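# Chains, contacts and geometry: an overview
For reference, the chains in residue letters:
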Amino acid sequence: MDFKLQSTSLLLPEQGSVTWKSPSNIALVKYWGKKPVQIPANPSISFTLDTSATTTKLTYSKREHPNGNYNFELLFEGKPREDFKPKIAKFFERIEAYVPFIKAYDFVIETSNSFPHSSGIASSASGMSALALCLMSIEKKITPQITQEYFTKKASFLARLGSGSASRSIEGGLVTWGHHEMLPGSSNDFASKYPFEVHSNFINYQDTILLVDKGEKKVSSTVGHNLMHNHPFSEARFAQANNNLFKLKEILSSGDLTSFMSLVESEALSLHAMMMTSMPYFILMKPATMEIINKIWDFREKTGLPVCFTLDAGANVHVLYPETDKVKIYEFIKNELVAYCQKGHYICDQVGNGATVLAEQ
Ligand code: PMV
């Protein structure tokens, strides 16, 4: 699909504003390793989350004297944040060829997260997807004939250029990103909704996010992805991820929770194993991460209840379980796991329906 705006003589709206709320997501099969520009080394699949989200209002007014540069103000939770601007400027540079109108406007970007910024929850997926959607709303005003399908795909395409995992935050439920032979229409350029049947066990799947370490990550995911070049195990890892997607299709259709849990936990530990075996090597898990993992394994063995964990590129633990076992598993989390969280903080989340537009003028 060609995502460049075609016409050269477009009528641009003078001014307006648009607000999108876009969720975070948690990968089941992880993306780790990429090629320029933001092309994943392997396909991935995630649950879109519900309550962990970024809300972004983009106000735009046509510049009287465009000077070939971008011009934007950035307010995070109501306050100007100069330190966030380079990331947005880089994003604009990457997407300019596809949304050339961005140089024609003065922008004010007002953004806030439903979770604390210093929670260690990556806000790049929700933040970049919310901004990409705001820009697509402007594009839709310029070219109203674009289809909903094009809007969604291009929003994911733009979001990907901000942060790879952001491509998976546009639509709800299970979302895949990256080419895989089993997935018709799958692409490295944008994410798509998982196209096959999903067992009711996975509807409203719960994700309780235990905030073990709220500090800034010692190693950014950009650096981590790059360490997959010349990594001794990279080819085996990419093959494993591809293979896990085949296995997951079977699991998602049969509802086999035992296989689901072992695949998801193996993916999380494989991701962290890649970090530990990079050169230079690094460890993002903390002692509390390990304590929680061991408690989950003990509880699962004792009770037979289907609770498992996954990890992002950080120390926080995502505790995953089906809605039907919510009461007992939530009791266990409160009684035995929350003690390991920094200041006892955690977030109750579940699978959500994707991004929504909140206002448009
Ligand atoms: O989107 P990025 O570049 O921050 O990479 C995120 C990668 C993981 O969160 C570790 C895995 C994934 O697939 O989301």
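Below you will find a few notes about this structure.

Attention now goes to the site of the ligand. Lining the immediate surroundings of the ligand are 13 residues, of which Tyr31, Ser165, Arg168, Ser221 and His225 lie closest. A distance of 3.0 Å separates an oxygen atom of the ligand from a polar side-chain atom of Ser163. The contact in question runs from an oxygen atom of the ligand to an N or O atom on the backbone of Gly164, over 3.5 Å. Isolated, the ligand exposes 380 Å² of accessible area, and the fraction of that covered by the protein chains is 92%. Partitioned by chemical class, the residues of the shell around the ligand number five nonpolar, five polar and three charged.

Okay, the environment of Gly78 next. Examined against the element boundaries, Gly78 turns out to sit in the loop between β5 (71-76) and β6 (79-80). Its relative accessible area of 63% is what places Gly78 among the exposed residues. The spacing of Gly78 and Thr222 is 144 residues in sequence and 28 Å in space, taken between C-alpha atoms.

The next subject is the side chain of Thr310. For Thr310, the position within the fold is in strand β11 (residues 308-311). If near-sequence neighbours (up to four positions away) are discounted, Thr310 is found in contact with Ile26, Ala27, Lys30, Val264, Ala268, Asn316, Val317, His318 and Leu320.

Here we take up the sheet that holds strand β12 (residues 317-321). Strands sit in the order β11-β12-β10-β13 across an open sheet of four strands; the sheet is antiparallel. Bordering the open sheet on either side are β11 and β13 (346-350), each of which pairs with just one other strand. For this sheet, the mean inter-axis angle between neighbouring strands, taken without regard to orientation, is 25°. Pairing between strand β10 (residues 206-210) and β13: five bridges, direction antiparallel. Considered in β13, the bridge of Thr208 is made with Cys348. Sheet strands touched by helix α8 (residues 326-337): β10, β12 and β13. Its angle to β12, the strand with the most contacts, is close to 155°.

With that settled, consider helix α3 (residues 148-162). The periodicity of an α-helix, 3.6 residues per turn, causes residues three or four positions apart to be oriented the same way. Along its 15 residues, α3 runs 21 Å from first to last C-alpha, staying within 8% of the 21 Å computed at 1.5 Å per residue. Counting buried positions along α3 yields 13 of 15 residues, so the element is predominantly enclosed.

One can describe the packing of helix α5 (residues 234-254) onto helix α6 (residues 257-276) by two numbers: an axis separation of 10 Å at closest approach and a directional angle of 165°. Considering their axes alone, α5 and α6 lie roughly antiparallel with respect to each other. Crossing hand, α5 versus α6: left-handed. Contact with α5, carried on its side by Arg237, Gln240, Ala241, Asn244, Lys247, Leu248 and Ile251, involves Ser259, Phe260, Leu263, Ser266, Glu267, Ser270 and Met274 of α6 and no other residues of that element. A per-class count over the contact of α5 with α6 returns six nonpolar, five polar and three charged.

Looking now at the packing of aromatic side chains. Under the counting rule described, the total for this entry stands at 22 aromatic pairs. Summarising the aromatic geometry, the rings of Phe47 and Phe260 are spaced 6.4 Å apart at their centres and angled 50° between planes, so their arrangement reads as tilted. Of this pair, Phe47 sits in strand β4 (residues 44-62) while Phe260 sits in helix α6; the two residues are 213 residues apart in sequence, bridging distant segments of the chain. With a relative accessible area of 2%, Phe47 lands in the buried category. Among the residues examined, Phe260 registers a relative accessible area of 0% and is labelled buried. Centroid distance Tyr205 to Phe260: 5.3 Å. Interplanar angle 70°. Geometry classified as edge-to-face.

Looking now at the pairing of β4. Examined bridge by bridge, strand β1 (residues 15-29) and β4 share 13 bridges and lie antiparallel to one another. Bridge assignment links Ser22 to a residue of β4, and that residue is Thr54. Pairing geometry for β4 and strand β8 (residues 174-177), over four bridges, is antiparallel. Bridge pairing in β8 links Phe47 to Leu174. Relative to strand β7 (residues 105-113), β4 is paired through nine bridges, and the arrangement is antiparallel. If you follow Thr55 over to β7, its bridge partner there is Ser112.

Let us now look at the nonpolar core. Phe92, Phe101, Phe107 and Leu135 are the most contacted members of the largest nonpolar core, which has 45 residues in total. Secondary structure elements with two or more residues in this core: β1, β4, β5, α1 (85-95), β7, α2 (124-142) and α3. When residues of this core are assigned to their parent elements, the largest contribution, nine residues, is made by α2. In contact with Phe92, other than residues within four places in its own chain, are Tyr70, Phe72, Ile102, Phe107, Ile109, Leu131 and Leu135. One finds Tyr194, Leu211, Leu248 and Ile347 within the second-largest nonpolar core, a separate group that totals 30 residues.

Inspection of the secondary structure puts Val351 in the loop between β13 and β14 (356-360). Look at Val351 and you get buried, because its relative accessible area is 14%. Between the C-alpha atom of Val351 and that of Gln145, which follows or precedes it by 206 residues, the distance is 32 Å. Leaving out residues up to four positions away in the same chain, Val351 has contacts with Phe47, Thr48, Asp50, Gly173, Asn204 and Tyr205.

For the rest of this paragraph, the subject is the pattern of salt bridges. One pass over the full model with this rule turns up twelve salt bridges. Here Lys153 and Glu149 are joined by a salt bridge, their closest N and O atoms 2.6 Å apart. Of this pair, Lys153 and Glu149 both sit in helix α3, four residues apart, roughly one helical turn. Judged by its relative accessible area of 18%, Lys153 falls in the buried class. The salt bridge involving Lys334 is made with Glu331; its shortest N-O contact spans 3.5 Å. You can see Lys334 and its partner Glu331 sitting in helix α8, three residues apart, about one turn around the helix.

Cut-off values and rules
Residues numbered from 1 in each chain as written. Predicted model: local features only at pLDDT ≥ 70, side-chain atom pairs only at ≥ 80, totals over all residues. Heavy atoms only, no water. Near = heavy atom within 4 Å. Polar contact = N/O pair within 3.5 Å; in protein donor to acceptor, adjacent residues only side chain to side chain. Areas by Shrake-Rupley, 256 points an atom, 1.4 Å probe, with all protein chains shown as cover. Nonpolar A, V, L, I, M, F, W, Y, C, P; charged D, E, K, R; others polar. Helix = DSSP H or I, 4+ residues; strand = E, 2+ residues; numbered from the N terminus. Buried < 20%, exposed > 50% of the residue type's maximum accessible area, 1.4 Å probe, protein only. Contact = heavy atoms within 4.5 Å. Pairing = 2+ DSSP bridges. Axes fitted to C-alpha atoms, helices over the stretch in contact; angles between N-to-C directions. Expected span 1.5 Å × (residues − 1). Parallel < 35°, antiparallel > 145°, perpendicular 65-115°, else oblique. Left-handed = near helix turned anticlockwise from the far one by under 90°. Phe/Tyr/Trp six-rings, centres within 6.5 Å; stacked < 30°, edge-to-face > 60°. Core = buried A, V, L, I, M, F, W, Y, C linked by side-chain atoms within 4.5 Å. Salt bridge = Lys/Arg side-chain N within 4 Å of Asp/Glu carboxyl O.

Coordinates in, geometry out; function isn't part of it.
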